[in-house]
Protein chains: 2
Amino acid sequence: MRFFTAPVENLIEQFQKLPGVGRKTAQRLAFFVLSLPEAEAEGFANAIISAKKTVKFCKVCQNLTDSETCSLCEDEARDRSVICVVSDPKDVAAIEKTREYNGLYHVLHGCISPMNGIGPDDVKIKELVGRVSAGGIREVILATNPDTEGEATAMYIARLLSPFGVTATRLAYGIPVGGHLEYADEMTLTRALEGRRQM
Amino acid sequence: MRFFTAPVENLIEQFQKLPGVGRKTAQRLAFFVLSLPEAEAEGFANAIISAKKTVKFCKVCQNLTDSETCSLCEDEARDRSVICVVSDPKDVAAIEKTREYNGLYHVLHGCISPMNGIGPDDVKIKELVGRVSAGGIREVILATNPDTEGEATAMYIARLLSPFGVTATRLAYGIPVGGHLEYADEMTLTRALEGRRQM
């Protein structure tokens, strides 16, 4: 049953499609948008259309970009002999925020997950092998998530790349900075022990 | 600092303007929209533009509508001698959901709030007085929120309407259905006692 005029109901329904947004939140967001000045509401709508129309995958690293190759791949100051492999563009942002990494990236857009019918051909592994086989790569950091699928994908890629003589590395596991030992799960603690370093 | 390509950053920023949406949620929503088929993303954008362009206030009750008068005001089956005054279009939806009310509405679009610089002329009280003074109204139900501002607004309107000889009523206060006495605050409990009825 519809309690608002059709354009408002439609807007509420659109917001309700967003992940984690129920009817009440969708109502709140829709009424917020209605309260915006017309120019701002249009800016919102145009941001959606323009992002959808202009954003594509970088032909080198598969990260999101609005040009042929992304700004990270085009940055001459970056170390072109290291590739950090992540499953998601959001992970690129997370690593860039550390300001500790100066190499290139490769975005898989997912992880291998046989349970969900996602095989190696459904993520951008082929493209990664292409880049490595073209030569000039010294190290490939496998920075997929530390869960089952991320692990399996990292292992699969490491095996695939072994003929090319590149070093495949994996992010360190351990206690998060600021974390408490007593709250760390045993797997994390086991990995933290295994990876202990001399002080 | 921008970690995504400009159109994606712009989309994230737009989502971040929404109430209760921080950077992380905005990212999640933006990437969800990017993952939609182009037609669906356009549907979302168009819903914003069309709601913003077509939605206006009903010239009678000030509820949101896409025509001159809203469907509730035009519904000949409704009792035209009762007006339920609410502060927000969402309250109309809430009352309609009860299916217990068959009169007309009046949406104030806010409550009088001297603290926030909102006076009687900043909400649609003038329009309500206009409707009541035109005659034919038997009862005005003041269904503003049971908080300080809602109370004050209800009292102000009741006084304003007294010369027209209409009955001004207020929604009952009490324990919410399914609620527990022990969790009711004392104000609610006091009002529930005051409003007790013979069984």
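Residues numbered from 1 in each chain as written. Chains lettered and ligands numbered in written order. Predicted model: local features only at pLDDT ≥ 70, side-chain atom pairs only at ≥ 80, totals over all residues. Heavy atoms only, no water.

### Description of the pattern of salt bridges
Logical step 1: Throughout the structure, instances matching the rule amount to 14 salt bridges over all chains.
Logical step 2: A salt bridge links E42 of chain B to K53 of chain A, with the nearest nitrogen and oxygen atoms 2.9 Å apart. Remark: K53 of chain A occurs in helix α3 (residues 38–54) and E42 of chain B occurs in helix α3 (residues 38–54); the pair is interchain, linking two chains.
Logical step 3: Ionic pairing is found between R138 of chain A and D79 of chain A, a salt bridge with its closest N-O pair at 3.1 Å. One end of the pair, R138 of chain A, is in the loop between α6 (125–133) and β5 (139–142); the other, D79 of chain A, is in strand β3 (residues 79–86), with 59 residues separating them in the sequence.
Logical step 4: Given the relative accessible area of 28%, D79 of chain A is considered partly exposed. (Salt bridge = Lys/Arg side-chain N within 4 Å of Asp/Glu carboxyl O. Helix = DSSP H or I, 4+ residues; strand = E, 2+ residues; numbered from the N terminus. Buried < 20%, exposed > 50% of the residue type's maximum accessible area, 1.4 Å probe, protein only.)

### Details of the pairing of strand β4 (residues 103–107) of chain A
Logical step 1: Of all five residues making up β4 of chain A, five are buried, and the element is well covered by its neighbours.
Logical step 2: Read as a crossover between parallel neighbours, the route from β3 of chain A over helix α5 (residues 89–98) of chain A to β4 of chain A is right-handed. (Right-handed = clockwise from strand over helix to strand, strands pointing away.)

### Re the packing of helix α1 (residues 6–16) of chain A against helix α2 (residues 23–35) of chain A
Residue and element names in this part refer to chain A.
Logical step 1: Running from N to C, α1 and α2 point in directions that differ by 125 degrees, and their axes come no closer than 8 Å. On the basis of their axis angle, the class for α1 and α2 is oblique. Here α1 runs over α2; the crossing is right-handed. The segment α1 lies against α2, with V8, E9, L11, I12, F15 and Q16 engaging R23, A26, Q27, L29, A30, F31, V33 and L34.
Logical step 2: Considered class by class, the residues forming the contact of α1 with α2 number ten nonpolar, two polar and two charged. (Axes fitted to C-alpha atoms, helices over the stretch in contact; angles between N-to-C directions. Parallel < 35°, antiparallel > 145°, perpendicular 65-115°, else oblique. Left-handed = near helix turned anticlockwise from the far one by under 90°. Contact = heavy atoms within 4.5 Å. Nonpolar A, V, L, I, M, F, W, Y, C, P; charged D, E, K, R; others polar.)

### Some points on the sheet that holds β5 of chain A
Residues and elements named next belong to chain A.
Logical step 1: Strand order in the open sheet made by the four strands is β4-β3-β5-β6, with parallel pairing throughout. With partners counted over all chains shown, the strands left at the sheet margins are β4 and β6 (167–170), one partner each. Averaged over all neighbouring strand pairs, the angle between strand axes comes to 25 degrees, with direction disregarded.
Logical step 2: Alignment of β3 against β5, held across four bridges, turns out to be parallel. Residue I83 lies in a different strand from β5, and its bridge partner there is V140.
Logical step 3: In the packing of α6 onto the sheet, contacts are made with β3, β4 and β5, and the angle to β4 comes to roughly 150 degrees. (Pairing = 2+ DSSP bridges.)

### A closer look at unusual backbone geometry
Logical step 1: Of note in this structure, R99 of chain A is not a glycine but carries a positive phi near 55 degrees.
Logical step 2: Take R99 of chain A: it is sitting in the loop between α5 and β4.

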